[in-house]
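# Topology and contacts: notes
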Amino acid sequence: MSTKRGSGTTPLDRLKTHYDDVDLTCPKCGYEDADGHWRVQTSGKEVHYQHLCPSCGASRRRTIRL
Ligand SMILES: [Zn+2]
């Protein structure tokens, strides 16, 4: 089994992957949303991430400038 790499990878793809892999633990209640993911929206200059905790409903947002 080989991992596909390097073809069509953009900085945005890397960021998405990054946030999919880490930080899915809610800082409020400590719930680990192992099957969850950050929702990603981009406005061209910035990337907005949002994660909604399925346990307590806490919403976290992050903005990264490209
Ligand atoms: Zn929570």
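Look a little higher up for the structure.
The following refers to the structure shown.

Parameters at a glance
Residues numbered from 1 in each chain as written. Predicted model: local features only at pLDDT ≥ 70, side-chain atom pairs only at ≥ 80, totals over all residues. Heavy atoms only, no water. Helix = DSSP H or I, 4+ residues; strand = E, 2+ residues; numbered from the N terminus. Buried < 20%, exposed > 50% of the residue type's maximum accessible area, 1.4 Å probe, protein only. Lys, Arg positive; Asp, Glu negative; His and termini not counted. Salt bridge = Lys/Arg side-chain N within 4 Å of Asp/Glu carboxyl O. Polar contact = N/O pair within 3.5 Å; in protein donor to acceptor, adjacent residues only side chain to side chain. Contact = heavy atoms within 4.5 Å.

## Things to note about the side chain of Asp33
Of note, Asp33 is situated in the loop between α1 (11-21) and β1 (39-42). For the buried Asp33, no salt bridge is present, and the opposite-charge side chain at shortest range is Arg60, 7.3 Å distant. Here His51 takes part through its side chain, which lies 3.0 Å from a polar atom of the side chain of Asp33. If sequence neighbours within four positions are ignored, Asp33 has contacts with Leu24, His51, Leu52 and Pro54.

## Regarding the pattern of salt bridges
Counted under the stated rule, the structure contains two salt bridges. Measuring nitrogen to oxygen at the nearest pair gives 3.2 Å for the salt bridge that ties Asp23 to Arg60. Of this pair, Asp23 sits in the loop between α1 and β1 while Arg60 is found in strand β3 (residues 59-65), placing the two residues 37 residues apart along the sequence. A relative accessible area of 29% means that Asp23 is categorised as partly exposed. In this structure, the salt-bridge partner of Asp23 is Arg62, at a minimum N-O distance of 2.6 Å. Taken as a pair, Asp23 in the loop between α1 and β1 and Arg62 in strand β3 lie far apart in primary sequence, 39 residues in all. Residue classification places Arg62 among the partly exposed positions, given a relative accessible area of 32%.

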